[in-house]
Amino acid sequence: MWRRFFSYYRPYKGLFLLDFSCAVIAGVLELGFPLAISKFIDDLLPGGNWSMIVLASVGLLCVYALNTILNYIVTYWGHHPNYGLVDYRVWREDDQDLPQVVC
């Protein structure tokens with residue numbers, strides 16, 4: 001069963017790896033972002049070190065921007081009807097394997 005399932009993804013292995021890796025990295029960033037904000041609020045703000053606060057703010061903004069780009073890749077390239085992997089290409093090949101029923 002798994003072999004047949006992954007055979008549909010074989011022609012789109014690069015797109016699948018891009019989609020899957022971006023989804024995993026975005027998930028890790030989404031899990032780590034609240035921890036980074038907590039450290040920022042609890043440790044940096046009370047200390048008053050403004051150069052470190054600005055540097056951490058720019059770093060958090062970059063992490064958020066990277067997460068946005070990764071989610072865009074997952075949404076557009078992974079699920080877009082014309083270009084996406086999951087919603088159209090694999091479904092189309094799977095549909096060709098089904099017996100055609102004439103009504």
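This report concerns the structure included in the present document. On a predicted model such as this, the values are computed, not experimentally measured, just so you know.

What counts and how
- Residues numbered from 1 in each chain as written.
- Predicted model: local features only at pLDDT ≥ 70, side-chain atom pairs only at ≥ 80, totals over all residues.
- Heavy atoms only, no water.
- Helix = DSSP H or I, 4+ residues; strand = E, 2+ residues; numbered from the N terminus.
- Expected span 1.5 Å × (residues − 1).
- Bend = angle between axes of the 7 residues up to and from the residue.
- Buried < 20%, exposed > 50% of the residue type's maximum accessible area, 1.4 Å probe, protein only.
- Salt bridge = Lys/Arg side-chain N within 4 Å of Asp/Glu carboxyl O.
- Phe/Tyr/Trp six-rings, centres within 6.5 Å; stacked < 30°, edge-to-face > 60°.
- Contact = heavy atoms within 4.5 Å.

Take helix 2 (residues 13-47) next. The terminal C-alpha atoms of helix 2 lie 49 Å apart, and with 35 residues this matches the ideal 51 Å at 1.5 Å per residue to within 8%. Along its length, helix 2 reaches its greatest deviation from straightness, about 30 degrees, at F40. Regarding helix 2, the residues found buried are L15, D19, C22, A26, L29 and F40. Just downstream of helix 2 lies G48, where phi reads positive at about 75 degrees.

Now for the pattern of salt bridges. Working definition: two side chains of opposite charge can pair if their charged atoms are close together. Tallying each qualifying case throughout the model produces 1 salt bridge. Among the salt bridges present, the one from D43 reaches K39, with a minimum N-O distance of 3.6 Å. Linking D43 with K39, this pair stays in helix 2, spanning 4 residues, or about one helical turn. Looking at D43, the relative accessible area reads 46%, which means it is partly exposed. Classification of K39 by relative accessible area gives exposed; the value is 54%.

This model, assessed by the stated rule, comprises 3 aromatic pairs. Ring centres of F33 and Y64 lie 5.8 Å apart, and the angle between their planes is 45 degrees; on these two criteria the pair is classed as tilted. Placement of F33 in helix 2 and of Y64 in helix 3 (residues 50-79) is noted, with a sequence separation of 31 residues between them. A residue is classified by how much of its surface remains accessible, and F33, at 24% relative accessible area, is partly exposed. Their ring planes at 5 degrees and their centres at 5.5 Å tell us that Y72 and Y76 sit as a pair that is stacked. One end of the pair, Y72, and the other, Y76, are both in helix 3, 4 residues apart, so they sit about a helical turn from each other.

Take the side chain of N67 next. You can see N67 is positioned in helix 3. Once residues within four sequence positions are removed from consideration, N67 is found in contact with A26, L29 and E30.

Bear in mind that shape data such as this cannot, by itself, settle questions of function.
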